[in-house]
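# Results of the structural survey
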Amino acid sequence: MTAYDYLAKHYDQWMDHDAYLTWIEWIKAQLKSRNLTGIKILELCCGTGRVTLPLAREGYSIWAVDRSEEMLAVAQQKSADLITRIKWIQSDMLTLTLKERFDAVLCINDGINYLDDFEALKTYFKVCHQHLKPSGLLIFDWSSPYKLKTILGDKTIAETHEESAFIWENHYTDDGVQEFEFHIFEKCPNGQYNRFVEYHRQISFTIDQIELASKGLFTIEHMVGDHYAEISENDQRFYTVMRKETP
């Protein structure tokens, strides 16, 4: 079972609701401060639409991309009232080739952490550049090396819910790779539980790597750390706004 094949069903229940609320407000603030309202957005790694739907309800037109069929199925079930504002697309973001060009590209909640290596990071920036209009915005975040190594490290996290539970085992390697095992338990009508296992792999990138991979394609307009404040060495997440360099 690959990443998000089964986790998709439980994603909305298990993920941090407050985090998504703050991410959405930050994105809206970045767009509105630049007078970008009612624009066309390309969202990469859209998942179950936790960012997509609120922005669509604000009047934005969004083409939402994810490689997981299961995550997109959950998103589509929630978006019947937004059929004219959202176009759902199943694709790996690194091989995306749309004819449309967008005012902004989003990639929120660890999307780039799932890239395999630095070469894939460079491809990510090239794809974003190709799909943006001149001077378009790229808005994304990523979990920091500090978070993967120190906060998650080789720790195990577990949660129980009324009808489900999970055990999340982390394995950090010397080359900076974080391997996750999600053990998912779902309660059956007879009171017993079915168990499913998913495997995830993440790496993180330094700010220097982000700057190098995007060089010649984007100019950094805004970069902050935790709580959208000035960057510090122990930040767990970085938030970035870049402007496409022409052509």
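Below or above, wherever it landed, is the structure these notes cover. (Residues numbered from 1 in each chain as written. Predicted model: local features only at pLDDT ≥ 70, side-chain atom pairs only at ≥ 80, totals over all residues. Heavy atoms only, no water.)

## Considerations on the sheet that holds strand 9 (residues 193-203)
Picture the strands of a sheet paired through backbone hydrogen bonds; they go either parallel or antiparallel. Put simply, the test is: Note: two strands are recorded as paired if DSSP finds a minimum of 2 bridges between them. To qualify as a helix, a DSSP run of H or I must reach at least 4 residues; to qualify as a strand, a run of E must reach at least 2; elements of each kind are numbered from the N terminus. To obtain an axis, a line is fitted to C-alpha atoms, over the contacting stretch when the element is a helix, and the angle between two such axes runs from 0 to 180 degrees between their N-to-C directions. Here, residues are in contact when the closest pair of their heavy atoms is within 4.5 Å.
As summarised here, the arrangement of the four strands in space is 6-7-8-9, forming an open sheet in which the pairing is antiparallel. Only two strands of the sheet have a single partner each, and these edge strands are strand 6 (156-160) and strand 9. Within this sheet the neighbouring strands show an average axis-to-axis angle of 15°, counted without direction. In this sheet, strand 8 (residues 177-187) lies alongside strand 7 (residues 164-172) in antiparallel orientation, the contact comprising nine bridges. The residue bridging Phe-166 from the neighbouring strand is Ile-184, located in strand 8. Against the sheet, helix 6 (residues 145-152) contacts strand 6, strand 7, strand 8 and strand 9, and its axis sits at roughly 110° relative to strand 7.

## Examining the pairing of strand 7
As paired strands, strand 6 and strand 7 are joined by five bridges and run antiparallel to one another. Its bridge partner lying in strand 7, Ala-158 is registered against Ile-167. A loop of three residues connects strand 6 with strand 7, the two strands running antiparallel in sequence. Between strand 7 and strand 8, which pair antiparallel one after the other, the connecting turn spans four residues, and Gly-176 there sits at a positive phi close to 85°.

## With respect to the side chain of Asp-226
Under the convention used in this document: We define a polar contact as two N or O atoms separated by no more than 3.5 Å, with the added condition that, inside protein, one atom must be a possible hydrogen donor and the other a possible acceptor, whereas residues neighbouring each other in sequence contribute only through side-chain atom pairs.
Following the sequence through the fold, Asp-226 ends up in the loop between strand 10 (218-224) and strand 11 (237-244). There is a polar contact of 2.9 Å between the side chain of Asp-226 and the backbone nitrogen of Gln-236.

## As for the pattern of salt bridges
Test applied: Think of a salt bridge as a Lys or Arg side-chain nitrogen and an Asp or Glu carboxyl oxygen that are within 4 Å of each other. Any residue under 20% of the maximum accessible area for its type is buried, any over 50% is exposed, and the rest in between are partly exposed; the area is computed with a 1.4 Å probe on protein chains only.
For the structure on display, the rule yields 16 salt bridges. With a shortest N-O distance of 3.4 Å, Asp-12 and Arg-50 are connected by a salt bridge. Of the two residues, Asp-12 sits in helix 1 (residues 11-14) while Arg-50 sits in the loop between strand 1 (40-44) and helix 3 (52-57), which places them 38 residues apart along the sequence. Each member of the pair, Asp-12 together with Arg-50, is buried. For Glu-25, the salt bridge identified is with Lys-28, shortest N-O distance 3.2 Å. Highlighted residues: Glu-25 and Lys-28, both in helix 2 (residues 17-33), separated by three residues, approximately one helical turn. Under the relative-accessibility criterion, Lys-28 is labelled buried at 12%. Through salt bridges that share partners, Glu-25, Lys-28, Lys-32 and Glu-58 make up one connected network.

## Re the nonpolar core
Under the convention used in this document: Buried residues of nine kinds, namely Ala, Val, Leu, Ile, Met, Phe, Trp, Tyr and Cys, make up a nonpolar core once their side-chain atoms join them within 4.5 Å.
One finds Ile-27, Leu-31, Ile-41, Val-51, Trp-88 and Leu-106 to be the most contacted residues of the largest nonpolar core, which totals 47 residues. Looking at this core element by element, the count peaks at seven residues for helix 2. Membership of the second largest hydrophobic core comes to 33 residues, among which are Leu-42, Val-105, Leu-115 and Cys-128.

## Focus on the packing of helix 5 (residues 118-130) against helix 7 (residues 207-214)
Put simply, the rule is: Convention used here: angles under 35 degrees read as roughly parallel, angles over 145 as roughly antiparallel, angles from 65 to 115 as roughly perpendicular, and any remaining angle as oblique. Two helices crossing with the near one rotated counterclockwise from the far one by less than a right angle form a left-handed crossing, whereas a clockwise rotation gives a right-handed crossing.
In contact at an axis separation of 8 Å, helix 5 and helix 7 are set at 50° when each is read in the N-to-C sense. Viewed along their axes, helix 5 and helix 7 adopt a mutual orientation that is oblique. Crossing handedness for the pair helix 5 and helix 7: right-handed. Taking contact as the criterion, the partners of Phe-118, Leu-121, Lys-122 and Phe-125 in helix 5 are, on helix 7, Gln-209, Ile-210, Leu-212, Ala-213 and Ser-214.

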